[in-house]
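Chains, contacts and geometry: an overview
Residues per chain, in single letters:
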Amino acid sequence: MPEDPGIAELADLLEVAAADVPARAGETGHTARTLLTGAVEDLRAAARLGGLLPAVTLWHLHRAMEQEHAAHQHLHPRTPTG
């Protein structure tokens, strides 16, 4: 892993992580993998923009974070304690 990865490097690392997400029994569409793939696409879009359009770049970065968070929650759901 790079010491201080840029957006493109983060996309590469997340893509590898998405490929390693195990399929769950009875799960349709590999939800977590789909979310992570969307995050990779948003990171790549942000990397292509560079600093040309800061607002659009930030939108892609924010969207990538939302998708990664949703994938994390899907993979590690919290169970109510009771």
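Just above sits the structure.
The notes below deal with the structure included here.

What counts as what
Residues numbered from 1 in each chain as written. Predicted model: local features only at pLDDT ≥ 70, side-chain atom pairs only at ≥ 80, totals over all residues. Heavy atoms only, no water. Helix = DSSP H or I, 4+ residues; strand = E, 2+ residues; numbered from the N terminus. Contact = heavy atoms within 4.5 Å. Expected span 1.5 Å × (residues − 1). Buried < 20%, exposed > 50% of the residue type's maximum accessible area, 1.4 Å probe, protein only. Arc of directions from axis to C-beta. Core = buried A, V, L, I, M, F, W, Y, C linked by side-chain atoms within 4.5 Å.

A few words now on the side chain of H60. Within the fold, H60 resides in helix 3 (residues 54-75). Those residues within four positions of H60 in sequence are excluded, and the remaining contacts are D42, A45, A46 and L49.

Once that is clear, we can look at helix 3. Under the 1.5 Å per step criterion, the end-to-end length of helix 3 is 31 Å for 22 residues, consistent within 8% with the ideal 32 Å. Within helix 3 the residues assigned to the buried category are T57, H60, A64, Q67 and A71. For helix 3, the buried positions fall inside an angular range of 90° around the axis, keeping them on one side. What points out from helix 3, more than 90 degrees from its buried face, is the exposed set P54, A55, L58 and M65. Its buried side turned inward, helix 3 meets helix 2 (31-49).

So, on to the nonpolar core. Counting residues in hydrophobic clusters, the biggest one holds 11 residues: A11, L14, A18, V21, A32, L36, A39, V40, L43, A64 and A71. Those elements that provide at least two residues to this core are helix 1 (7-19), helix 2 and helix 3. Top contributing element to this core by residue count: helix 2, with five residues. For A71, the residues in contact, after removing those within four places along its chain, are A32, L35 and L36.

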